[in-house]
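# Coordinate inspection notes
For reference, the chains in residue letters:
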Amino acid sequence: MTFTLKPNPVYDFSAWEEITPAQWQAIADTKPLAVIMRGSYQLIGSRNRYEDVKAVEYVLKAKSLGLRTGLYHFLTPNGIAEQVALFMSVWNKCGGTDLPPIVDVEIDLQASYSKSPAIIGNAVWQSHIKTFIDAVAAATGKTPIIYTSQKYWVFACTKNVLGQFVAPTWTKDYPLWVAQYPNEPETWTKPTAMPIGWTDWAMWQYSEKGRQNGFVANDLNTASAAFTEEITGLPPVVIDPPVIVDPPTAPQIPEYAFIQFDNGTGGLTPGTYYDLRK
C-alpha cells in the first residue's frame, strides 16, 4: 500500500512504540500540527489502572523540539474518579498540553461487560464517559476531545422507542477525533463512517500502519482545517489557483499589407516591398 501523508499531520504514540533521537528529528521535520501521547489507561474488565511509562518523557521531548502536544486517557467503565485522578496526575507532570485533554472511547460492552459481575449497559457507560469528561474539563479549563469510531461509539448510545440508537444529547458539544482506516488512504479526503451524533470532525486517524509504509509513526492522523486554525490561531493556507492568461494574439495582417523599407539614405527604396503575410 502506497500513499502520501495527509495535510496537517498529527501523530499519536504510546509506550508500545520506541522513538529514537533520529525518529524524533524525522517527526519534527514533517512539521506536524501536534504529537499526542497516551497518558494513562485502565485495563478492560478490571480496575487496574496505570500511567503510560513513556508519557511524560515523550511529551517533554516533543516540547523540547518545539512541537505541540496532546495527552489522552484510555477510559473503561467503573472507577471513574480514580481514572480522572490518574490522568490529571500525568497531565500535571507534563505541565499540560497544547491540545485539550482527550478521552479514548473504544469499549465493546458486549464483548467485555455483558457477563456478571461486570455487567454494564449503554446508559451506564454513557454516564461514565460524561462524568470523566466533566471532571477533566473542570480540572483543566478545556473542553475535552473524544476519540472513538462508529463501531465503539454505538455502545455509548441508547435506543429510542423505535429501537434506533440515539447519541447522547451532549455528543456534538465535544470535538471528535475519529478512527477509520480506508484500504486506500490516498483516494480518501475525509472519513465516511461517522459516529452517531457528529457531522464534523476535528481529527481523523486514517492509518494504524504508518511505520510499515515508511512513515515516522504507526498512527497517522490529519486535522481538519477548522481545528488546525483553532489550535494555531492562524487561518489555513489557501493557495490561489494560477491565473490563466490567454497567449497574446498574433497581429492580424490584412490580406494585402505591404511595407517599404528605408534604403539607408533617408528615402525609400523604390519597388522594394516585403509581403508580411509570408
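The structure contained in this document is the topic of the report that follows. (Residues numbered from 1 in each chain as written. Predicted model: local features only at pLDDT ≥ 70, side-chain atom pairs only at ≥ 80, totals over all residues. Heavy atoms only, no water.)

## Comments concerning the overall build of the chain
We count it as follows: Numbering of helices and strands runs from the N terminus; a helix is a DSSP stretch of H or I covering at least four residues, while a strand is a stretch of E covering at least two. Burial status follows relative accessibility: with a 1.4 Å probe on protein chains alone, a residue under 20% of its type maximum counts as buried, one over 50% as exposed, and anything between as partly exposed. A contact between two residues is defined here by any heavy atoms of the two lying within 4.5 Å.
Helix and strand counts for the chain come out as 7 helices and 13 strands. Among the 278 residues that make up the chain, the fraction classed as buried is 44%. Considering only residue pairs separated by 6 or more positions, the chain has 67% of its internal contacts joining residues 24 or more positions apart.

## Looking at unusual backbone geometry
A positive phi angle, close to 50 degrees, is found at Asn 8, a residue other than glycine. Checked against the element boundaries, Asn 8 lands in the segment before β1 (9-13). Residue Asn 8 is classed as partly exposed on the basis of its relative accessible area of 29%. Non-glycine residue Asn 78 carries a positive phi angle of around 75 degrees. Inspection of the secondary structure assignment puts Asn 78 in the loop between β4 (69-74) and α3 (80-93). Residue Asn 78 is classed as partly exposed on the basis of its relative accessible area, which comes to 22%.

## Concerning the pattern of salt bridges
Convention followed: We define a salt bridge as a contact between a side-chain nitrogen of Lys or Arg and a carboxyl oxygen of Asp or Glu at a distance within 4 Å.
Counted according to the given criterion, the structure contains 5 salt bridges. The salt bridge partner of Lys 54 is Glu 18, with a shortest N-O separation of 3.7 Å. Of this pair, Lys 54 sits in the loop between β3 (49-51) and α2 (55-64) while Glu 18 sits in the loop between β1 and α1 (21-29), and the two are 36 residues apart along the sequence. Of the charged contacts, one joins Lys 54 and Glu 57 as a salt bridge, the two residues approaching to 3.5 Å between their closest N and O atoms. Looking at Lys 54, the relative accessible area reads 17%, which means it is buried.

## Some words on the environment of Met 37
Positionally, Met 37 belongs in strand β2 (residues 34-42). Of the residues examined, Met 37 reaches a relative accessible area of 1% and is grouped as buried. Sequence-wise, Met 37 and Tyr 72 are 35 residues apart; in three dimensions their C-alpha atoms are separated by 6.4 Å. With near-sequence residues (within four places) excluded, Met 37 lies in contact with Phe 13, Trp 24, Ala 55, Tyr 58, Val 59, Ala 62, Gly 70, Leu 71 and Tyr 72.

## Describing the packing of α3 against helix α5 (residues 122-140)
The condition that has to hold: Lines fitted to C-alpha atoms define the axes here, with helix axes fitted over just the stretch in contact, and angles between the N-to-C directions of these axes take values from 0 to 180 degrees. Note: crossing handedness is left-handed where the near helix turns anticlockwise from the far helix by less than a right angle, and right-handed where it turns clockwise. The residue classification treats Ala, Val, Leu, Ile, Met, Phe, Trp, Tyr, Cys and Pro as nonpolar and Asp, Glu, Lys and Arg as charged. All others, Gly included, are polar.
Axis separation between α3 and α5 bottoms out at 10 Å; the angle between their running directions is 35 degrees. In the crossing of α3 with α5, the sense of the turn from one axis to the other is right-handed. Residues Ile 80, Gln 83, Val 84, Phe 87, Met 88 and Trp 91 of α3 pack against His 128, Thr 131, Phe 132, Ala 135, Val 136, Ala 139 and Thr 140 of α5. Each residue belonging to the contact of α3 with α5 can be placed in one class, and the counts come to 9 nonpolar, 4 polar and no charged.

## A short note on α3
The periodicity of an α-helix, 3.6 residues per turn, causes residues three or four positions apart to be oriented the same way. For the record, the criterion: Expected helix span is computed as 1.5 Å times (number of residues minus one).
Compared with an ideal rise of 1.5 Å per residue, which puts 14 residues at 20 Å, α3 spans 20 Å between its outermost C-alpha atoms and is within 8% of the ideal. Looking only at α3, the buried set comprises Ile 80, Gln 83, Val 84, Leu 86, Phe 87, Met 88, Val 90 and Trp 91. Where the residues of α3 are buried, they touch β2, β3, α2, β4, β5 (102-104) and α5. Within two residues after α3, Gly 95 carries a phi angle of roughly 75 degrees, on the positive side.

## Brief notes about the nonpolar core
Proteins that are soluble and globular tend to have nonpolar side chains buried together. Put simply, the test is: To define a nonpolar core, start from buried Ala, Val, Leu, Ile, Met, Phe, Trp, Tyr and Cys residues and group those joined through side-chain atoms within 4.5 Å.
Counting residues in each nonpolar core, the largest one holds 57 residues, and the members touching the most others are Trp 125 and Trp 153. The leading source of residues in this core is α3, at 6 residues. Setting aside anything within four residues of it in sequence, one finds Trp 153 in contact with Val 105, Ile 129, Ile 146, Thr 148, Ala 167, Pro 168, Trp 170, Thr 171, Pro 195, Ile 196 and Trp 198. Within the second largest apolar cluster, 16 residues are counted, among which are Val 10, Leu 99, Ile 145 and Trp 177.

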